Amino acid sequence: MQAVCDVVKERAKAAARDFNAQAVYTNVKVMLERDELDLVLVLTPLLTHAPIVRQVLEAGKHCYSEKPLTLSLKWEFTH
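This write-up is about the structure you can find in this document. Note that this is a predicted model, so its numbers are computed, not measured. (Residues numbered from 1 in each chain as written. Predicted model: local features only at pLDDT ≥ 70, side-chain atom pairs only at ≥ 80, totals over all residues. Heavy atoms only, no water.)

### A word on unusual backbone geometry
Selection rule: Runs of H or I in DSSP of at least four residues are treated as helices and runs of E of at least two as strands, each being numbered from the N terminus. Working definition: with a 1.4 Å probe on protein chains only, accessible area under 20% of the residue-type maximum means buried, over 50% means exposed, and in between means partly exposed.
With a phi angle near 55 degrees, Asn-20 is a residue other than glycine that sits in the positive phi range. In this fold, Asn-20 is placed in the loop between α1 (9-19) and β2 (23-25). Given a relative accessible area of 60%, Asn-20 falls into the exposed group.

Rendered as structure tokens:
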């Protein structure tokens, strides 16, 4: 299953059309509840990479993230 998640529903719908995704979400946690979802591409602004990657991994999904993951290890381990 392919899905798209964006906080702006219209953008998510447009991306879903562009990539032939079957599902559209505006909430990452809700999307991660789908058993059929096994790989998540995190293509978001830099400051959201680490928190979203953490959610993806904690949900037991495979994850690919744009780099850099975070600006510093200190930030990563204190949030």
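### Focus: the side chain of His-49
Note the following rule: For this analysis, residues touch if any pair of their heavy atoms sits within 4.5 Å.
Note that His-49 resides in helix α3 (residues 46-58). With sequence-adjacent residues up to four places away left out, His-49 is seen in contact with Val-42, Thr-44, Ser-65, Glu-66, Pro-68 and Leu-69.

### Quick word on the environment of Ala-59
Summarising the element assignment, Ala-59 is placed in the loop between α3 and β4 (62-65). As a C-alpha pair, Ala-59 and Asp-38 span 21 residues in sequence and 9.6 Å in three-dimensional space.

### Topic: the nonpolar core
Note the cut-off: The set of buried Ala, Val, Leu, Ile, Met, Phe, Trp, Tyr and Cys residues whose side-chain atoms join them within 4.5 Å is what this entry labels a nonpolar core.
Grouped together as the largest cluster of nonpolar side chains are 11 residues: Ala-23, Tyr-25, Val-28, Met-31, Leu-32, Leu-37, Val-40, Val-42, Ile-52, Val-53 and Val-56. Elements supplying a minimum of two residues to this core: β2, α2 (28-32), β3 (39-42) and α3. Apart from residues no more than four positions distant in its own chain, Met-31 is found in contact with Ala-3, Cys-5, Tyr-25, Leu-37 and Val-40.

### Re the pairing of β3
Short version of the rule: Strand pairing is assigned whenever DSSP identifies at least 2 bridges connecting the two strands. Here the term right-handed applies to a crossover when the path leading from its first strand over the helix to its second strand runs clockwise, the strands being oriented away from the viewer.
On β3, burial follows the alternation: Val-40 and Val-42 on one face are buried, whereas Leu-39 and Leu-41 on the facing-out side are not. The pairing of β3 with β4 spans 4 bridges and is parallel. Each residue of the ladder has a partner; that of Leu-41, found in β4, is Tyr-64. A crossover connection joins β3 to the parallel β4 through α3; in handedness this β-α-β unit is right-handed.

### Details of the side chain of Lys-61
To be explicit about the condition: Counted as positive: Lys and Arg. Counted as negative: Asp and Glu, with His and the chain ends omitted from the count. Salt bridge, as applied in this entry: a Lys or Arg side-chain nitrogen positioned within 4 Å of an Asp or Glu carboxyl oxygen. In the analysis that follows, any N or O atom pair within 3.5 Å is treated as a polar contact, provided that within protein one partner can donate a hydrogen and the other can accept it, and provided that, for residues neighboring in sequence, both atoms belong to side chains.
Structurally, the position occupied by Lys-61 is in the loop between α3 and β4. No salt bridge is formed by the buried Lys-61. Its closest oppositely charged neighbour is Asp-35, at 5.1 Å. Here Arg-34 takes part through its backbone oxygen, which lies 2.8 Å from a polar atom of the side chain of Lys-61. Excluding its chain neighbours within four sequence positions, the residues that come into contact with Lys-61 are Leu-32, Arg-34, Asp-35, Leu-37, Asp-38, Val-40 and Val-56.

### Here's the deal with the layout of surface pockets
We apply this condition: Both site types are read off a 1 Å grid over the protein atoms alone. A 1.4 Å probe that fits but cannot get out defines a cavity, while an open set with protein on both sides within 12 Å along at least five of seven lines defines a pocket; lining residues have an atom within 4 Å of a point. Grid points are joined across faces, edges and corners, and a volume is the space filled by probe spheres set on the points.
What the largest pocket holds in volume is close to 840 Å³. As for the largest pocket, its lining consists of 27 residues, and the residues nearest its centre are Ala-3, Val-4, Cys-5, Leu-41 and Leu-43. Residue assignment for the lining of the largest pocket shows that the elements contributing at least two residues are β1 (3-5), α1, α2, β3 and α3.

Distances and angles like these do not, on their own, reveal function.
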